[in-house]
Amino acid sequence: RSGRSAALRARMEERLLGARFRYLNQQLYTGSSRDAARLFSTDPAAFHLYHRGFERQVRRWPERPVQRIVRYLRRRPASLVVADFGCGDCTLAASVKNQVHCFDLVALSPRVTVCDMAKVPLAAESVDVAVFCLALMGTNLQEILGEANRVLKLGGTLMVAEVASRFEDTHAFLKAMMQLGFKTVSKDLSSSYFYVLEFAKTGPARPGAAPGLRLRPCLYKRR
Ligand code: SAH
């Protein structure tokens, strides 16, 4: 009897966690990066819950997108300075020899600098590679990518790995990226789970609206 009620309780807790994760996830994708910063700084427990849910989701995928970024960096000189926007558990920094600046809203690891990715404490043109791995969550995409442009050296690399279903119009997205000062170097659209896009910084972001710069929120279904 007690075995059965324990199992029932575990199942209910699991459901509740799942529901809270989906709710937090939806908030992150439908608000600005500032809203996300406010949410997690007032409720760090929510962040940890979010991360458990995130881990459970990506474990179902055939490959973790961050592993693709790791492979990419290992092919390039270890002297390149990297900035990881929305670093999560710092898998990237832990897997490469490069100096990696890790930014997130809450520190899951001592390597993390806690900040909103729309405003990172780095000097202009100080990094060679900027990474957003499943991290382009805020609705203020233009501002976030503008910040990446600011910290990148001219000719520096921007790597974006994002959930494939978030792209409504990839062509329009890449065109908008041109306006933000990023030309497409390579795109891997072969996975049905996530795309990997490589850009080079061509110059500063041009002012004005970039209407093609839109990504659908990534909402998870109840399972
Ligand atoms: N890049 C990691 C984690 C992806 S989950 C990986 O691939 O494993 C997305 C991460 O972005 C989360 O850790 C979340 O807290 C972070 N994030 C979301 N909005 C942010 C913001 N405004 N500023 C900094 N980090 C943010």
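Summary of the structure given here. Everything quoted here is computed from the prediction, not taken from an experiment.

### Description of the overall build of the protein
Here comes step 1: Tallying secondary structure elements over the protein gives 7 helices and 7 strands in all.
Here comes step 2: In the protein, the order of α-helices and β-strands from amino to carboxyl end is α-α-α-α-β-α-β-β-β-α-β-α-β-β.
Here comes step 3: A globule of 223 residues ought to have a C-alpha radius of gyration of about 17 Å, and the protein, at 18 Å, matches this closely.
Here comes step 4: Dimensions of the protein along its principal axes, counting C-alpha atoms only, are 65 × 35 × 35 Å.
Here comes step 5: Taking all 223 residues of the protein together, 50% fall into the buried category.
Here comes step 6: Across the protein, every contact between residues at least 6 apart in sequence was considered, and the portion connecting residues at least 24 apart equals 67%.
Here comes step 7: Here the protein displays about 11,600 Å² of accessible surface, and carbon together with sulfur accounts for 53% of that area.

### Topic: the site of the ligand
Here comes step 1: The full set close to the ligand counts 18 residues, and His 51, Gly 86, Asp 104, Met 117 and Cys 133 are the nearest of them.
Here comes step 2: Separating a nitrogen atom of the ligand from a side-chain N or O atom of Asp 116 is a distance of 3.0 Å.
Here comes step 3: In the environment of the ligand, a nitrogen atom lies 2.9 Å from a nitrogen or oxygen atom belonging to the backbone of Cys 133.
Here comes step 4: In isolation the ligand has 570 Å² of accessible area, and contact with the protein removes 98% of it.
Here comes step 5: Element by element, the count of residues in the shell around the ligand is highest for helix H3 (residues 44-58), at 3 residues.
Here comes step 6: Of the residues in the shell around the ligand, the class split is 11 nonpolar, 4 polar and 3 charged.
Here comes step 7: Two domains each provide a minimum of three residues to the shell around the ligand, namely domain 1 (1-59) and domain 2 (65-201).

### Describing the environment of Cys 115
Here comes step 1: The residue Cys 115 is located in the loop between strand S3 (112-114) and strand S4 (127-133) in this model.
Here comes step 2: Between the C-alpha atoms of Cys 115 and Phe 103, which are 12 residues apart in sequence, the distance is 6.3 Å.
Here comes step 3: Among residues more than four places away in sequence, those in contact with Cys 115 are Phe 103, Asp 104, Leu 105, Val 120 and Pro 121.

### Digging into the packing of aromatic side chains
Here comes step 1: Inspection of the entire model under this criterion finds 11 aromatic pairs.
Here comes step 2: Through a chain of ring-to-ring contacts, three or more aromatic side chains come together here, namely Phe 21, Phe 40, Phe 47, Tyr 50 and Phe 54.

### Some details on the sheet that holds strand S7 (residues 194-201)
Pairing between sheet strands relies on hydrogen bonds along the backbone, with the strands arranged either parallel or antiparallel.
Here comes step 1: Here 7 strands make up an open sheet; going across it, the order is S3-S2-S1-S4-S5-S7-S6 and the pairing mixed. The outermost strands of the open sheet, each flanked by one partner alone, are S3 and strand S6 (182-188). Averaged over all pairs of adjacent strands, the angle between strand axes in this sheet comes to 20°, irrespective of strand direction.
Here comes step 2: Both strand S5 (residues 152-163) and S7 contribute to a ladder of 7 bridges, which runs antiparallel. The residue bridging Val 163 from the neighbouring strand is Phe 194, located in S7.

How each quantity is defined
Residues numbered from 1 in each chain as written. Predicted model: local features only at pLDDT ≥ 70, side-chain atom pairs only at ≥ 80, totals over all residues. Heavy atoms only, no water. Helix = DSSP H or I, 4+ residues; strand = E, 2+ residues; numbered from the N terminus. Rg over C-alpha atoms; globule rule 2.2 N^0.38 Å. Buried < 20%, exposed > 50% of the residue type's maximum accessible area, 1.4 Å probe, protein only. Contact = heavy atoms within 4.5 Å. Areas by Shrake-Rupley, 256 points an atom, 1.4 Å probe, with all protein chains shown as cover. Near = heavy atom within 4 Å. Polar contact = N/O pair within 3.5 Å; in protein donor to acceptor, adjacent residues only side chain to side chain. Nonpolar A, V, L, I, M, F, W, Y, C, P; charged D, E, K, R; others polar. Domains from an automatic or database assignment. Phe/Tyr/Trp six-rings, centres within 6.5 Å; stacked < 30°, edge-to-face > 60°. Pairing = 2+ DSSP bridges. Axes fitted to C-alpha atoms, helices over the stretch in contact; angles between N-to-C directions.

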